[in-house]
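# Structural overview for review
Chain by chain, the residues:
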Amino acid sequence: MLSMRPIDEPDVIELLNGGRFEGNVEGYMMMDGPEYLGHALFEVKDGVTTVLDSGVEEFQNLDGIVRACVAAGENRGAKLFAMNMEHPPLAKWWELFCKDMAPPVSVDHIFKLC
């Protein structure tokens, strides 16, 4: 069973971040039972959740962890989201789900009811 777990240990965030991103960097780990599938790092600032990095390899899992990050920001009042377009998997995600849209985009774009 897939699960997203917040990374609560600052040392783990620091290790995954490797000094690349400044600010209040947060993260999620994706697990399949006891198996680690990857992580994502994000920041919530000025009403925008920005997904900074991902170590999730399978695209459908990347979609899940990106949405978990955006939802975490939304739960804290962020109404917009963006991606680090310098990270190829996140740029690919943006191209698929937010094609031709300039960031930041409303969270309703990916969470609205069909």
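Computed from a predicted structure; not experimentally measured. (Residues numbered from 1 in each chain as written. Predicted model: local features only at pLDDT ≥ 70, side-chain atom pairs only at ≥ 80, totals over all residues. Heavy atoms only, no water.)

## Details of the packing of aromatic side chains
Tallied over the full model, the rule gives 4 aromatic pairs. Centroid distance F81 to W93: 6.1 Å. Interplanar angle 75°. Geometry classified as edge-to-face. Taken together, the residues F81 in strand β5 (residues 80-83) and W93 in helix α3 (residues 88-97) connect sequence positions 12 residues apart. For the residue pair F81 and W93, the accessibility class agrees, reading buried in each case. (Phe/Tyr/Trp six-rings, centres within 6.5 Å; stacked < 30°, edge-to-face > 60°. Helix = DSSP H or I, 4+ residues; strand = E, 2+ residues; numbered from the N terminus. Buried < 20%, exposed > 50% of the residue type's maximum accessible area, 1.4 Å probe, protein only.)

## Considering the pairing of strand β4 (residues 48-54)
Within β4, 6 of the 7 residues are buried, which leaves the element mostly enclosed by the surrounding structure. By the bridge criterion, 6 bridges tie strand β3 (residues 35-45) to β4 in an arrangement that is antiparallel. Within β4, the residue paired with F42 across the bridge is V51. The antiparallel pairing of β3 with β4 creates a hairpin that spans 2 residues between the two strands, and D46 there sits at a positive phi of about 55°. Bridge count between β4 and β5: 4 bridges; the pairing is parallel. By the bridge assignment, T50 is partnered in β5 with A82. Where the polypeptide runs from β4 across helix α2 (residues 59-75) and back to β5, its parallel neighbour, the crossover connection is right-handed. (Pairing = 2+ DSSP bridges. Right-handed = clockwise from strand over helix to strand, strands pointing away.)

## Some details on the nonpolar core
Counting residues in hydrophobic clusters, the biggest one holds 22 residues, and the most contacted among them are V66, F81, M83 and W93. Of all the secondary structure elements, the ones that give two or more residues to this core are β2 (25-32), β3, α2, β5 and α3. Tallying contributions element by element places α2 first for this core, with 7 residues. Those residues in contact with W93 that lie beyond four places of it in its chain are F59, L62, D63, V66, F81, M83, C98 and I110. (Core = buried A, V, L, I, M, F, W, Y, C linked by side-chain atoms within 4.5 Å. Contact = heavy atoms within 4.5 Å.)

The analysis is restricted to geometry; functional conclusions fall outside its scope.
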